[in-house]
Amino acid sequence: MLTRPDPPTGRPGKPGGGRSHRVREALLGLLLLTPGLVGLGVFVVFPLFQAVYLSTRDNDILGNPTRSVGLAHFAELLTPEFGALLARTFLFTALVVVPGVLLPLAIAAPLTQKLPGMRIFRTAFALPFAYSASAASVVWLIMLNPGTSPVNWLLGLVGVQAPSWTSDPGWALVTVAAVTVWSVSGFNLLVLAAGLAQVDEDVLEAARIDGATGPRQFVSIVLPMISPSLFFAVVTTTLTALQALGQVHIMTDGGPNGSTSTLVYSIFDRAFHNNNSDYGLASAQGLVLLVVGVLLAAVQFGVLERRVHYR
Amino acid sequence: MRTQARHRSPRTGRISTSLRRVTAGVALGLAAASTAACGAATTGASSATTQQLTAPPASALDGKGEVQVTFWHAMGGKNGEALQRLTDQFNQRNQGRIKVTLQYKNNYDDTLSAYKTALNSGQAPDLVQVYDIGTRFMIDSGSTVPVQSFVDVDKADISDIQPNIAGYYTVDNTLYSMPFNTSMPLLYINRTAFVEAGLDPDKPPRTLDEITAAARKLTVRDANGNITRYGFGTALYGWFVEQWTALAGQEFCDQGNGRDGRATKVNLATDEHVKQLEWWQRMTEEGLALKFNSDTAESDNAFTSGKTAMTLESTGSLGGFLANAEGKFEVGTGFYPKADASHGGGPIIGGASLWIVGKGKDDAHKRAAWEFTRFLATPDAQATWHTATGYFPISKSALDTDLDKQWRAQRPQFDTAIKQLESTALTKATQGCALGVMPQARKAEESAMQAAVHQGTDPRQALQDAEKSLDSAIKDYNQSVGG
Amino acid sequence: MSTATRSRLNRPGPVPTALTYLWLGVAAVVLLFPVLLTVVGGFLPSSALLHQPPRLFGGDWTLDNYAEAWNQPVVPLAPAFANSLFVGLVIMAGHLVTSCLAGYALVFLRTPLRTPLFWLFLATIMVPYESIVVPNALFVRSLGLGDNRLSLVLPFLANGFGVFLLRQAFQQFPRELREAAVIDGCGHLRFLFTILLPSCRPALTALAVWSFLQGWNMYFWPLIIASGDNSMNTLQSAVFALKNNEGASPAVLLAGISITLIPTLLLVVFGQRWLVRGFTAGAVK
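Residues numbered from 1 in each chain as written. Chains lettered and ligands numbered in written order. Predicted model: local features only at pLDDT ≥ 70, side-chain atom pairs only at ≥ 80, totals over all residues.

Colleague: Mind showing me how you'd approach the domain arrangement of chain C here?
Modeller: Interface extent is often summarised as the accessible area lost during association of the parts. All names here are of chain C. When the domains of chain C are assigned, the result is domain 1 (2-71) and domain 2 (77-284). When each unit is reduced to the centre of its C-alpha atoms, the spacing between domain 1 and domain 2 is 33 Å. Contacts between the two partners involve 13 residues from domain 1 and, on the opposite side, 11 residues from domain 2. Elements represented by at least two residues in the side of domain 1 that touches domain 2 include exactly α2 (14-41), α3 (46-49) and α4 (64-71). When residues of the side of domain 1 that touches domain 2 are assigned to their parent elements, the largest contribution, 5 residues, is made by α4. In terms of residue class, the side of domain 1 that touches domain 2 is built from 7 nonpolar, 5 polar and 1 charged. (Domains from an automatic or database assignment. Contact = placed C-beta atoms within 7 Å. Helix = DSSP H or I, 4+ residues; strand = E, 2+ residues; numbered from the N terminus. Nonpolar A, V, L, I, M, F, W, Y, C, P; charged D, E, K, R; others polar.)

The structure is reproduced here in C-alpha cells:
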C-alpha cells in the first residue's frame, strides 16, 4: 500500500520554464499544501508534543496541569494492572478480528454461486453495517437483558442455562467482542464478496479438473486471489477493535470489575468519565496507544502484506 | 449515569422573606465591580478552597434591571418539563427583575464535566445542579457561594427543609447547596407474586434474611428445572451497599463521613460489607437472585417483566414501575431492608442539589440565583415538583398541601418512603460520605461487588482490593486541593 | 465453512445446494434477528418487549413509540440528525479540498521537500486518534466555541489517508495528457478542476464516501465535546443519551434507534456497490 513516492521525476510545470517560473511553481505547491499541513499540524502533530508535555504533569481537580511529575505517570503504567489492561486490549482485538473476518468469509463464499436468492442474501447480510457501534450495543443489550432475553430463552429451550452475558467477568469481554463482530460483519461481507466476485471462473474450473479438493483448493487458490480484500478486512477490523469505545462504554462501562476495560476505554475513563480529569495519566496511556498502533501497523504491513498478491 | 435520576424529592421551608429590599440602593456600584474577573477563572481550585465566597444581600439586585440567570440542570423528560413550568412561574412573578434560563445538560456526569470546563474558560452558569456524590468536589472547587451564607445574610428560617435531606449537603456544619430532587431507596415487591406464593404482601421482608426466606417461596422453576421467576434481583449498584452501611450506623469514610474534615480513607473492607456480599453470593448461588451488572435499567426491566419478584430501587422509579407493570401485576413497596434486624440506622438520601456559582459572578447574579433557588424550595413549588416527578419533597409542609395529598392518595406506595424518612435519625452515618472522589469510590465499590457476585472472589479480598485501589486516588485528590 | 466452500467451487449438485441454503438460512436467522427486533420492536407496545421472549408477532402495532422517540425533549433527535449530517458533510468537504490540493502539489508541481512532506502526511495516518484526543479536547474547548458545531469537526478537516489516496490516483493520470494540456496553456487550477478531477471521479467518490462515514460514525469526540449540550449531540452520542434516559421503555429506545438507522439502512440497501468501491478503493490499489 505504501508505494514509495517517486522522486521528483518530472511532470514539470512548464517545459523549460525559467527560474522565476520555478519559484512561482514552488510557491504554488507550498500554498496548495498549506491547508492540509496546517490541519494536520495543528490537530495531529502539535497535539503529539502536547500529549508528551501533559503526560509529565499532574492535574488539579478541574483538570488544569500543575506541577511536573516527571515520568511518574509512565511508572504507573509499569504495573501488573496496566499489563493486564494491555493484554485484554490485544485479546479483545483478536476476539474481534479472527471471527470478524472468518464469519463473513464463510458467508461470502457460498454467495458467489449462481443460485436464486443470492443477491437478496447478500443485501440482508450486509444490514448490520448500517448499525453504528452505539446502535448495535443498545440493541444487543435488549437482546441479552437477563430478564427478557430472547437469546437466553432460545438457549433455555435446548436446556442450556445462559450465562450472565454482560455481567459475568468471564463472559463480558467475549460478549462485547461478539457484538463488535456482528457490527463489522456486514461491511466485511461486502468487501470479501467484492473480492470473490473478481476471481476468475476459469481458474477455478481448471483447479477443479486438476482434482484439488474443495477446501484445499479454496485455501491454495482462492484465498491468495482475494488476499488484497482479506488484508483490507483484517486491517480495518483491527483498527475498529483497537479503537472500540462505544460498545464498551454502552454495554459494560468497562466492567464488570474492569474486565472489559481496554486501552481506549481507559483513556476515556481517566480523562473524561466519572468526574475524572486525570489528563496526565490519560495522555501517557495515549502515547502507549500510539506505540501499539505503530507496532501493529508494522506487523501487518511488514509481515502480512508480503503475502498479499496484488494483481 | 446510573446515579442519574435516582434521588428525588426536595424541600424547604419558608426561607424568610424578611430582608427583601430593605437597604435600598446603597450598595449599588460597589458590588458589581468587585468581581469583574470574568474570564480569569484560571488556576483552578487549589488556591480557592480555603476561603469561601460570601453572599450578597437582597439589595444587590436593586437598580440592575432584569438580571439574567443561567441554570444548568440534568432533568430530562417529564422532570425537565416540570422544572420548566416552575421556572416560567418564577420568571412571570419576577418580570423586570430576574429571568432564569434553563439549559439541559443530559445527565449529572455531563453537567459536572461541562461545569469544570466552563470554570476554566470563564463561561460558568449562575446556578448548577450537581449530584449528591459531587458534593465534596463542588466545595473544593471553591467556585460557589454556600447556601448557608445566604441563609445567614437573610436570617432565613430553613426549618421546613427535611433535616435528613439537608444533612447530606451539610459539611463542617455549613449547608453548602440547596437540596432539590431527592430520593431514597425502597424495596419493591410484586404483590401478585407474593399472594401466589402464599406470602403476605402487606408485610414485605424487613431484613436480608427475610428476603432470602421470601425469595425461596417466590422463585419458580419449570419442568426442566429452568428458573422462570427469581425471588429477587437487583443491580450491583454501589448506592445500595452505602445504604446498608448507614442502616448499620456505620460511616462509609473516615473523618465522620467526611463531615468533620477531609476524608482520607473509605471503609470498604468492613465485616458488615463482607456479610452483605456473602449474602448476595448465597442468593445467586442458590438460584434465588438473578445476576445483574451495575446498570439499574436492566434490573428494572426484569422486575416489570415479572422475571424477578423483589428488587431494590429508588423512590424515583415508582412511577415507571406502576406504568410498566400495569395490567400484569400489582406493585408494592417496603422499607429498605436492613442487613441485620438489630440495625437501627436509616437510609441515606440521594439525588442532586443546587449550587450557586460565585466565581466570576457579580453580586446581582449571585443574588438572583439565590432568589430562584429559594423559590424552588418553597412548599408550593415542592408540591408541584414532587407530584409531577415522584421525587421526594424537601419541604415538610409540601406534604400537607392538597395537591400532594391527592397525589399520594392514588399512590399509597409512596407513603412507605415518607415513613422511612421520618423514622430515620440524622447521624453522621445517615448523612452519607462526603468525599472528593466519591464517583470513583462508588465505581470501586461496584467492582468489588461484581468480583464477589460474578467471579466468586472472596468478599473480603474483593473489598480490600477495591479499598486499596482508591488509596492513591484519594491521596492525589487531597493533595491537589491542598489538604 | 467447508460445506460452503465446496459448493462454491464445485458445480453445485442438489445436496450441496441444499446445504448452502441451510447454512445461509441459519446464519441469516442468527445475524438478522437483531435487525428484526429493532424494526419490529419499535412498533410494539412496551409490554410486548417486557416479556421473555419478546412478543414480536400478533400484538397490536402502534406508532406511538416513534412519535415519542421523535418528540421527547430529553434527547431531541432532529438536531442530532442535522449535526450528524453536518459533521459527515463538512468532514467530507474538508478531506476532499485539502487532499486534492495537496495531492496536486505532490504529483504535478516541483514543490520543495515534497518527498519528506509526503512521508509526513503518511505518518499522520499512523497516529490513532485516541492518543491525541486529550490535548485536542483541551485545545478545542479553550477556543470557546461553546455550542458551535464547528467544534465537532475542527480536528478532522484534513486527513493523511485522503492525501495518500488522491496522490495515488493522480499518479495514474496519463503523462502525455498532462503535457498536452500544459502546452495548450492550461493553467494549474484550470487543469486541476476541469481535466484532472473529472477523470479521477472514482477515487474522489471513494474518498467522499469514506470521509462521510468517518464523520457519521464518530463516537468518542462528539461524546466529550457535546458533553452536556444536547443541541450538540450527533446521532451516535444521542443513542447513548437515549439509552441513558432512565424511564425510556425498550420500545421507545428501539424506535429511536430505528430513526437513527434510516440513512445508513438506505445506503446499505440501495448504495451497496458504491459503498464497496468507497471502502476498498484505497486499499486494493
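The structure having been displayed, the exposition proceeds.
Colleague: In this structure, what is going on with the interface of chain A and chain B? I would like to understand it.
Modeller: In this complex, chain A contributes 28 residues to the contact, which on the side of chain B involves 40 residues. Grouping the constituent residues of the side of chain A that touches chain B by class yields 6 nonpolar, 19 polar and 3 charged.

Colleague: Looking at this model, I keep getting lost on the UniProt feature "transmembrane region" (unreviewed entry) in chain A. Mind explaining?
Modeller: Here the UniProt-annotated "transmembrane region" (unreviewed entry) positions come out as residues 27-49, 90-112, 124-143, 171-197, 218-242 and 282-304 of chain A. The span residues 27-49 of chain A shows a helical share of 100% and a strand share of 0%, and its end C-alpha atoms are spaced 28 Å apart. (UniProt positions renumbered as here; feature names shortened; annotations may be inferred.)

Colleague: Where do I start with the sheet that holds strand β12 (residues 331-334) of chain B in this structure?
Modeller: Strand-to-strand pairing in sheets goes through backbone hydrogen bonds, with the strands running parallel or antiparallel. Residue and element names in this part refer to chain B. Taken in spatial order, the 3 strands make up an open sheet running β11-β8-β12, and their pairing is antiparallel. Of all strands in the sheet, those bounded by a partner on one side alone are β11 (310-314) and β12. The sheet shows a mean angle of 35° between the axes of neighbouring strands, direction not considered. With 4 bridges connecting them, strand β8 (residues 185-190) and β12 associate as antiparallel partners. Counterpart to Tyr 188 in the pairing with β12 is Thr 333. (Pairing = 2+ DSSP bridges. Axes fitted to C-alpha atoms, helices over the stretch in contact; angles between N-to-C directions.)

Colleague: Explain the interface of chain C and chain A to me, please; I cannot follow it from the model alone.
Modeller: Every contact between the two is made by 93 residues of chain C and, on the other side, 93 residues of chain A. Ranked by residue count, the leading element in the side of chain C that touches chain A is α2 of chain C, at 12 residues. Here the side of chain C that touches chain A is built from residues that sort into 61 nonpolar, 24 polar and 8 charged.

Colleague: Sorry if this is basic, but what is going on with the pairing of strand β7 (residues 178-183) of chain B here?
Modeller: Consecutive side chains of a regular strand alternate in pointing toward one face of the sheet and then the other. Residues and elements named next belong to chain B. Taking burial as the measure, the 6 residues of β7 include 6 buried ones, the bulk of the element. Relative to strand β13 (residues 350-357), β7 is paired through 4 bridges, and the arrangement is antiparallel. Note that in β13 the partner of Ser 183 across the bridge is Gly 350. (Buried ≥ 20, exposed ≤ 12 C-beta atoms within 10 Å, placed from the backbone.)

Colleague: Just to check I follow, could you spell out the UniProt feature "transmembrane region" (unreviewed entry) in chain C for this structure?
Modeller: Residue and element names in this part refer to chain C. Per the UniProt record, "transmembrane region" (unreviewed entry) is found at residues 21-44, 85-109, 116-138, 150-170, 191-213 and 251-270. Taken end to end, residues 21-44 is 88% helix and 0% strand, and its two terminal C-alpha atoms sit 31 Å from one another. Counted over residues 251-270, helix gives 100% and strand 0%. Its end C-alpha atoms are 27 Å apart.

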